[in-house]
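Commentary on secondary and tertiary structure
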Amino acid sequence: MSTPSAAPTRARAVRATAAVVLLVPLLAALALWAFAWPAARTAPRDLPLGVAGPAAATAQVEQRLARQDGAFEIHRYADEAAARAAIEDRTVYGAVVVTPRGPQLLTASAASPVVAQALQQAVARQAAAEGTEVRTVDVVPAPKGDPRGAALTASVLPLALAGIAAGAAVTLLGLRGVRAAGALVGAAAVVGMVAAALAHSWLGALTGDWWAEAATLGLSALAVSAAVAGAAALLGTPGIGLTAFVVMFLGNPFSGAASAPQLLPEPAGAIGQWLPPGAGATLLRSVAFFDGAAATGPLLTLVWWAALGLGAVLLGDALRERGRIRRPAARREPALAD
């Protein structure tokens, strides 16, 4: 014979089972969509590409590139030197230079090995149709320690996980206010130095200024950890899951770190650059290979996430403290009335 509490217990068990059966497949579907959709639809979309040389000589090249259904955003330059400068400034990913000896392709595998290879294939096909050969020059080559950019790509997920772990740990350990902010900043600084030691000093995958790289890696982790802790300070523990979901299911697959934001389907590439993983990967490439060129945008994005997150941590503590002060006052008021 069942006890009076048995029925509610069974009902809760049924609801919990139904939640697991429904939510797990939903999360799996979301993960597959977020990671598989961009990968399956990778293709150039308004990819910045330069064309250099006399206007009369480059007209045919521009026309052929324009036929590829909006694949390229054409930038015109007077000569090879101007095109090289644009690549080094990260204005374009590469450039086709028309010379008396035939077309020459300038690439920057450090910006994206995938894009450099795609440009070689696209320009080579056009040149083969005309019976000519293309000479390729890698203006900013990827480091010898990481020629395919695999180490830089692989750094996105660990930094995101480190940020989520730090933000969750600060919240669950009960750190509040200034102490929580200090712990987040300190943890991010250590993460940045350890990551730079591994990626730069050991693997040779990064070749820029060591401290700039460490600061970039640390800021990337801080942007995530501060967002997690800040959301938890304002929303409670569910804030951890919400922020982790955004970072892992949107920020990571939409980052464009493995290819380039312009190769992802719209609006995934644009969304990814507004989230810490994408902004962090773009900033790291700038400081590691291009002397900080085009670093302002992603730097401001990371600073914005970190500042808002830390601000939310301090605000949440202030609101909690105000609530503590009001509760004793509310208890005293009836006693004074008596």
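Let us look at the structure shown here.

Reading the values: the criteria
Residues numbered from 1 in each chain as written. Predicted model: local features only at pLDDT ≥ 70, side-chain atom pairs only at ≥ 80, totals over all residues. Heavy atoms only, no water. Helix = DSSP H or I, 4+ residues; strand = E, 2+ residues; numbered from the N terminus. Core = buried A, V, L, I, M, F, W, Y, C linked by side-chain atoms within 4.5 Å. Buried < 20%, exposed > 50% of the residue type's maximum accessible area, 1.4 Å probe, protein only. Contact = heavy atoms within 4.5 Å. Salt bridge = Lys/Arg side-chain N within 4 Å of Asp/Glu carboxyl O.

Mapped onto the elements, Gly204 comes out in the loop between α7 (177–202) and α8 (210–235). C-alpha of Gly204 to C-alpha of Ala31: the two residues are 173 residues apart in sequence and 32 Å apart in space.

The next point concerns the nonpolar core. By size, the foremost hydrophobic cluster in this structure holds 64 residues, and its most contacted members are Leu106, Phe289 and Phe290. Among the elements that take part in this core, α8 stands out by supplying eight residues, more than any other. If sequence neighbours within four positions are ignored, Phe289 has contacts with Ala110, Val140, Pro143, Leu152, Ala205, Leu206 and Thr207. Core analysis: the second largest hydrophobic core is formed by 11 residues, Ala160, Val224, Val228 and Met248 among them.

Now for the pattern of salt bridges. Going through the model one piece at a time under the given rule, you end up with two salt bridges. Linking Glu62 and Arg76 is a salt bridge whose minimum nitrogen-to-oxygen distance equals 2.9 Å. On the criterion of sequence distance, the pair formed by Glu62 in helix α2 (residues 55–66) and Arg76 in strand β2 (residues 72–77) is long-range, its members being 14 residues apart. The class of Glu62 is buried, set by a relative accessible area of 15%. Across the salt bridge formed by Arg84 and Glu80, the nearest N and O atoms sit 3.0 Å from each other. Of this pair, Arg84 and Glu80 both sit in helix α3 (residues 80–88), four residues apart, which is roughly one turn of the helix. Judged by its relative accessible area of 27%, Glu80 is partly exposed.

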